[in-house]
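So you can see what is in the structure, the chains are spelled out below.
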Amino acid sequence: MDTRLRYLPISDVEEGMVLGAPAVPVDHGVSDFSLPAGHPLTESNIHQLAVRHAEFVCVQLPDERSPEEREAEWAMNEMRLQHVFRGADLNDPTIARLYQAVLAFRRS
């Protein structure tokens, strides 16, 4: 089954969920704890993240959407992004790369 990355509040994260991106909470500018992408979370890990004031973590979840639902969501995301960048000069290479990076992120 396909998976999708979702950022969840730490209060919604459950044991057994798998990190979709590294979790590196920073407290007062200092990071003394990190977990790699792909790491299955334990209750201890979740507690350690919460104690270090992590607010959100990226997890991999099963993607239960149909291909049609994925395409419809993708079209909405693309329209929203075009609206956000409506006044931007997409001929500027830096802005164009930013637009493409955000577009690729929203696609995942």
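Just so we're clear, the structure is a prediction, and the values are computed from it rather than from any experiment.

As a further point, take the nonpolar core. Ranked by size, the top nonpolar core spans 14 residues in total, and within it V13, L35, L41, L49 and V57 carry the most contacts. Among the secondary structure elements, those contributing two or more residues to this core are α1 (43–51) and β3 (56–62). If we skip the residues at most four places from it in the chain, V13 touches L8, L41, I46 and V57. Counting five residues, the second-largest nonpolar core is a separate cluster that includes L81, F85, Y99 and L103.

So, about the packing of aromatic side chains. With the rule as written, the count across this model stands at one aromatic pair. Aromatic side chains F85 and Y99 sit 5.1 Å apart centroid to centroid with 85 degrees between the ring planes, which places their arrangement in the edge-to-face category. Taken together, the residues F85 in the loop between α2 (67–84) and α3 (93–107) and Y99 in helix α3 connect sequence positions 14 residues apart. The class of F85 is buried, set by a relative accessible area of 12%.

To continue, consider the pattern of salt bridges. All told, the structure shown has six salt bridges when counted by the stated rule. A salt bridge links R4 to E73; the shortest N-O distance between them is 2.9 Å. You can see R4 sitting in strand β1 (residues 3–9) and its partner E73 sitting in helix α2, a full 69 residues away along the chain. Under the relative-accessibility criterion, E73 is labelled partly exposed at 29%. Between R65 and E73 there is a salt bridge, with the nearest N and O atoms lying 3.0 Å from each other. Among the charged side chains, a network of salt bridges with common partners joins D2, R4, D63, R65, R70 and E73.

Parameters and conventions
- Residues numbered from 1 in each chain as written.
- Predicted model: local features only at pLDDT ≥ 70, side-chain atom pairs only at ≥ 80, totals over all residues.
- Heavy atoms only, no water.
- Core = buried A, V, L, I, M, F, W, Y, C linked by side-chain atoms within 4.5 Å.
- Buried < 20%, exposed > 50% of the residue type's maximum accessible area, 1.4 Å probe, protein only.
- Helix = DSSP H or I, 4+ residues; strand = E, 2+ residues; numbered from the N terminus.
- Contact = heavy atoms within 4.5 Å.
- Phe/Tyr/Trp six-rings, centres within 6.5 Å; stacked < 30°, edge-to-face > 60°.
- Salt bridge = Lys/Arg side-chain N within 4 Å of Asp/Glu carboxyl O.

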